[in-house]
Amino acid sequence: MADELTPEQIAAGLPGTGDLMVLVGDAWWRCAYAAGGGNWALAAFYARRVRSVQRRLAIIRPKYAERLASFEATVLAGVFAAIEAQDRAAFDPAFAAATDEANRQHVETGYGYIRWKLSDETPKDLDLGPGR
């Protein structure tokens, strides 16, 4: 048995698109509730997490790289701007537009059965109030 991994073994150990998108969905949900609670630092943390995981996805699934870069530069940029300004009135429509665009892209890429929506239940493991 060789000590070095083959490219195929390395590829088999990488997370799949679905695995990474679960991380995106979790961070996206938490971002919304943190912003809603006025914890802008936490909202920014989770928005950056979404961006980071999507950038990882672009590396391991290059067929999505251009689509993900465009999403980041357009609709995700509006979410970041609203968070930076700590502007809830701007955040809500930017978040909704980004969610709608993600769902539209799911349809375009053949995954129309994946339709994301914000949970009615807030995360129970975080203080979502104004940051300290």
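Values in this document were obtained by computation on a predicted structure and should not be read as measured data.

Helix and strand counts for the chain stand at 5 helices and 0 strands. Shown N-terminal to C-terminal, the secondary structure of the chain runs as helices and strands in the order α-α-α-α-α. Burial status across the chain gives 36% buried among its 132 residues. Residue pairs at least 24 apart in sequence account for 71% of intrachain contacts in the chain once pairs closer than 6 positions are excluded. Each charge class in the chain can be summarised by its mean position, and for the 15 positive and 17 negative side chains these summaries are 2 Å apart.

This next bit is on the confidence of the model for the chain. Overall, the prediction assigns the chain a mean pLDDT of 92, with 97% of residues at 70 or greater. Mean pLDDT in the chain bottoms out at helix α1 (residues 7-13), which sits at 85, and peaks at helix α5 (residues 88-108), which reaches 97.

Glancing now at the packing of helix α2 (residues 17-36) against α5. For the pair α2 and α5, interaxial distance at closest approach is 10 Å and the crossing angle is 160 degrees. Overall, the two elements α2 and α5 adopt an arrangement that is roughly antiparallel. Viewed along their axes, α2 and α5 form a crossing whose handedness is left-handed. On the side of α2, the interface is formed by Met21, Trp28, Cys31, Ala32, Ala35 and Gly36, while α5 contributes Arg88, Phe91, Phe95, Ala98, Thr99 and His106. Residue classes in the contact of α2 with α5 are distributed as 8 nonpolar, 3 polar and 1 charged.

This part is about the nonpolar core. Counting residues in each nonpolar core, the largest one holds 35 residues, and the members touching the most others are Trp28, Cys31, Ala43, Leu76, Val79, Ile83 and Phe91. Elements with a minimum of two residues in this core: α2, α3 (40-60), α4 (65-85) and α5. Those residues in contact with Ile83 that sit more than four places away from it in its chain are Cys31, Trp40, Ala43, Ala44, Ala47 and Phe91.

Phi angles above zero are rare outside glycine, and Gln86 is one such case at about 55 degrees. Among the residues examined, Gln86 registers a relative accessible area of 52% and is labelled exposed.

Given 3.6 residues per helical turn, the α-helix brings residues three or four places apart onto the same face. Between its first and last C-alpha, α4 extends 28 Å over 21 residues, near the 30 Å set by a 1.5 Å rise per residue. Residue Leu76 marks the point of greatest curvature in α4, where the axis turns by about 45 degrees. Residues of α4 that are buried include every one of Leu68, Phe71, Val75, Leu76, Val79, Phe80, Ala82 and Ile83, and no others. On the buried face of α4, the contacting elements are α2, α3 and α5. Count one or two residues on from α4 and you reach Gln86, which has phi positive near 55 degrees.

Attention now goes to the packing of aromatic side chains. A full pass over the atoms with the stated rule returns 6 aromatic pairs. Look at Trp28 and Phe95: their rings are 4.3 Å apart centre to centre, the planes differ by 15 degrees, and that puts the pair in the stacked class. Of the two residues, Trp28 sits in helix α2 while Phe95 sits in helix α5, which places them 67 residues apart along the sequence. There is no split in this pair, since Trp28 and Phe95 are both buried. Seen from their ring centres, Phe95 and Trp116 are 6.2 Å apart, and the 65 degrees between their planes marks the pair as edge-to-face. Placement of the pair is Phe95 in helix α5 and Trp116 in the segment after α5, with a sequence separation of 21 residues.

Here is what the cut-offs are and how they apply
Residues numbered from 1 in each chain as written. Predicted model: local features only at pLDDT ≥ 70, side-chain atom pairs only at ≥ 80, totals over all residues. Heavy atoms only, no water. Helix = DSSP H or I, 4+ residues; strand = E, 2+ residues; numbered from the N terminus. Buried < 20%, exposed > 50% of the residue type's maximum accessible area, 1.4 Å probe, protein only. Contact = heavy atoms within 4.5 Å. Lys, Arg positive; Asp, Glu negative; His and termini not counted. Charge placed at Lys NZ, Arg CZ, Asp CG, Glu CD. pLDDT = per-residue confidence, 0-100. Axes fitted to C-alpha atoms, helices over the stretch in contact; angles between N-to-C directions. Parallel < 35°, antiparallel > 145°, perpendicular 65-115°, else oblique. Left-handed = near helix turned anticlockwise from the far one by under 90°. Nonpolar A, V, L, I, M, F, W, Y, C, P; charged D, E, K, R; others polar. Core = buried A, V, L, I, M, F, W, Y, C linked by side-chain atoms within 4.5 Å. Expected span 1.5 Å × (residues − 1). Bend = angle between axes of the 7 residues up to and from the residue. Phe/Tyr/Trp six-rings, centres within 6.5 Å; stacked < 30°, edge-to-face > 60°.

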